[in-house]
Amino acid sequence: MPEPYRRDRGRQRPGAGAGARSRAQGTGRGRPAGGPRPRGRRAGPSLKPGRAARIAVCLTSALVMLTSGVGWCAYHWLDRGVNTSSALDALRDGAPPGRDGAVNLLLIGLDSRKDMNGNDLPKEFVQDELHAGSSDIGGYNTNTLILMHIPPGGGKVTAFSIPRDDYVEIAGGRGEHKIKEAYGIAKAEAEEKLSAQGVKGADLEHRGREAGREATLATVQHFLGVPIDHFAEVNLLGFYDIAKVVQPVPVCLKHAVRDRYSGADFPAGPQQLDARQALSFVRQRHGLAGGDLDRTHRQQAFLSSVTHKLQEQGVWSDLGKLQGLFDVVKKDVVIDNRWNILDFARQAPNLTGGNAEFRTLPIEGFATRKGEAVNLVDPARVRSLVQAMTGPKAGQKDSPAAGPQQGQGKGSGGADAKPGDAEPGGDAKPGGSDPVSSGSFQGPPVEMGGVPCVD
């Protein structure tokens, strides 16, 4: 088994509070990701058969848990029945050094038109409600990858969006691919071996997804050069469920848009969206000047708007109002098996009170690799930016890049084209020790805590 996947289940995560518990997959609280619900447990309320979504779901779902400061009663209620994964255990030994007391949470949005047992989502819903084509497409790409850095003792929370087409070295000696493909590549490899051993059905799906999670976590951790302490994953099922619970969702657009691919058809200005429209809002990339990069800003704006609305309605402190969201979380979300949700409840003011911002990590240009359009990146530059923004490690020497060495301003494989660079803005140092120019990132930051207007 390759080095990045060695397991060390006995290690305790740095900075764990007294209430943190180490649990192996399938034991302790919850159940293995996608596993059958134990007998006697009350199932969540029935929702409409059509349940699917896209991308930003992982953000909203994870923040539901992060900001659920309703005390031990709510914590224990949510703690029972949540889907858990032990994929992070493989990374804890040999992870990059972190800042004592800080927490890095990776939010994963899985672009799969299947449920947790590998069954296709309803064809009519995928085509008619989501404008997402056939249930047979989509694969297991992670179309949303966002690292949320929560500094120790308060301070500004910074979330780093990783563009899904960044061309990077995939963990496990798998060569260079788009970062979104790490999950599917590792899943397919694992399932080929497991199938030969006679594993099949839901068990094959669950174990294949664990391999996909391990590869994704290891790839992101090495690419950014900071440790991942926790993660939350949601596939296409969850976003629609959540949007149905919180609709209408307030958003704001700088320009009117109309896109037949995603179904987005909105005027300029502030507006309220139902669940179906919300899906179109976060899925649109055609017709946007920045394409996928602008869609990343849509994801960020959507999360900010949802958390802002829930805060205004007092949902975070009302267990009754949270129940519908919690039922979706327990059904559609996978979290790591060492996540003590109560630890994160203390960060709710930072996440929903306007003391957080999104940054989109920079790319160096565009190119075609292996017949696919990719984003060229400079891993050393990305690591330097993330480390400068997250702690006093900015002065340390960067670890060698996973792929070929790049010169300054060159991306993986060489810069074939150069995207428009943002104009340098004021210095910003949320949580870090060194100033970082706003122009170092891809586009302007998106502040959380209101309804930002985006393209």
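See above for the structure.
Sequence order as written defines residue numbering, which begins from 1 separately in each chain. Whole-chain, interface and lining totals are the exception, using all residues; otherwise, since this is a predicted model, local features are given only for residues with pLDDT of at least 70 and side-chain atom pairs are given and counted only at 80 or more. With hydrogens and water set aside, each side-chain value is computed from the structure's full complement of heavy atoms.

Notes on the pairing of strand S3 (residues 103–111)
- Relative accessibility thresholds used throughout: buried, under 20% of the residue-type maximum; exposed, over 50%; partly exposed, between the two (1.4 Å probe, protein chains only). In DSSP terms, a helix is any run of H or I states spanning at least four residues, a strand is any run of E spanning at least two, and both are numbered starting from the N terminus. A large share of S3 lies buried, amounting to nine of its nine residues.
- In S3, alternate side chains face the same way, and those of Val103, Leu105, Leu107, Gly109 and Asp111 on one face and Asn104, Leu106, Ile108 and Leu110 on the other are all buried.
- Strand pairing is defined by DSSP finding a minimum of two bridges between the two strands. Summarising the sheet, S3 and strand S4 (residues 141–150) pair through nine bridges and their orientation is antiparallel. Residue pairing for S4: Leu110 is matched across the bridge by Thr142.
- Relative to strand S8 (residues 230–234), S3 runs parallel, the two sharing five bridges. Of the residues in S8, the one forming a bridge with Leu105 is His230.

Here we look at the pattern of salt bridges
- For this document, the term salt bridge refers to a Lys or Arg side-chain nitrogen within 4 Å of an Asp or Glu carboxyl oxygen. Summed over the entire model, instances satisfying the criterion amount to 18 salt bridges.
- Of the charged contacts, one joins Arg92 and Asp89 as a salt bridge, the two residues approaching to 3.6 Å between their closest N and O atoms.
- Between Arg338 and Asp89 there is a salt bridge, with its nearest N and O atoms 3.3 Å apart. Taken as a pair, Arg338 in the loop between strand S13 (333–336) and helix H10 (341–345) and Asp89 in the loop between strand S2 (83–85) and S3 lie far apart in primary sequence, 249 residues in all.
- Classification of Arg338 as buried rests on a relative accessible area of 3%.
- By relative accessible area, which is 2% here, Asp89 ends up buried.

Overview of the state of the cysteines
- Here, the term disulfide refers to a pair of cysteine sulfur atoms separated by no more than 2.5 Å. As enumerated under the stated definition, the model contains one disulfide in all.
- Disulfide pairing places Cys252 opposite Cys453 at an S-S distance of 2.1 Å. Judged by the sign of its S-S torsion, about -60°, the cystine formed by Cys252 and Cys453 is left-handed. One end of the pair, Cys252, is in strand S9 (residues 249–253); the other, Cys453, is in strand S20 (residues 453–454), with 201 residues separating them in the sequence.
- With a relative accessible area of 33%, Cys453 lands in the partly exposed category.

So, helix H8 (residues 292–312)
- Expected span of a helix, by definition, is 1.5 Å for each gap between consecutive residues, and there is one gap fewer than residues. Its 21 residues give H8 an end-to-end C-alpha distance of 30 Å, which sits within 8% of 30 Å, the value for a rise of 1.5 Å per residue.
- Summarising burial for H8: 19 of the 21 residues are buried, a large majority.
- Looking at the residues trailing H8, positive phi occurs at Gly314, about 70°.

Side note on the packing of helix H4 (residues 182–196) against helix H5 (residues 201–224)
- Every axis corresponds to a line fitted to the C-alpha atoms, with the helix fit spanning only the stretch in contact, and the corresponding angles, defined between N-to-C directions, vary from 0 to 180 degrees. Direction vectors running N to C along H4 and H5 enclose 140°, while the axes themselves pass 7 Å from each other. Here H4 lies oblique to H5, going by the angle between them. Like other packed secondary-structure pairs, H4 and H5 cross with a definite hand, here right-handed. Residue-level contacts link Ala182, Tyr183, Ala186, Lys187, Ala190, Glu191, Leu194 and Ser195 of H4 to Leu204, Glu205, Arg207, Gly208, Arg209, Ala211, Gly212, Arg213, Ala215, Thr216 and Thr219 of H5.
- Each residue is assigned to one of three groups, with Ala, Val, Leu, Ile, Met, Phe, Trp, Tyr, Cys and Pro labelled nonpolar, Asp, Glu, Lys and Arg labelled charged, and all others, Gly among them, labelled polar. Counted by class, the contact of H4 with H5 contains eight nonpolar, five polar and six charged residues. Reported orientations rely on four angle classes, namely roughly parallel under 35 degrees, roughly antiparallel over 145, roughly perpendicular from 65 to 115, and oblique for the rest. For any helix crossing, the convention is left-handed if the near helix is rotated counterclockwise from the far helix by under a right angle, and right-handed if that rotation is clockwise. Residues count as neighbours in contact if any of their non-hydrogen atoms are within 4.5 Å of one another.

Considerations on the packing of aromatic side chains
- Note on aromatic pairs: the rings of Phe, Tyr and Trp (six-membered ring only in Trp) are paired at centre separations within 6.5 Å, and the planes decide the class, stacked below 30 degrees, edge-to-face beyond 60, tilted for the rest. A full pass over the atoms with the stated rule returns two aromatic pairs.
- On the basis of an interplanar angle of 5° and a centroid distance of 6.4 Å, the ring pair of Tyr140 and Tyr183 is categorised as stacked. Of the two residues, Tyr140 sits in the loop between helix H3 (123–129) and S4 while Tyr183 sits in helix H4, which places them 43 residues apart along the sequence. This pair shows no difference in class: Tyr140 is buried, exactly as Tyr183 is.
- Only when the NZ atom of a Lys or the CZ atom of an Arg is both within 6 Å of the ring centre and within 35 degrees of the ring normal do we say a charge sits over the ring. Over the ring of Tyr261 we find Arg260, and its NZ or CZ is 4.3 Å from the ring centre.

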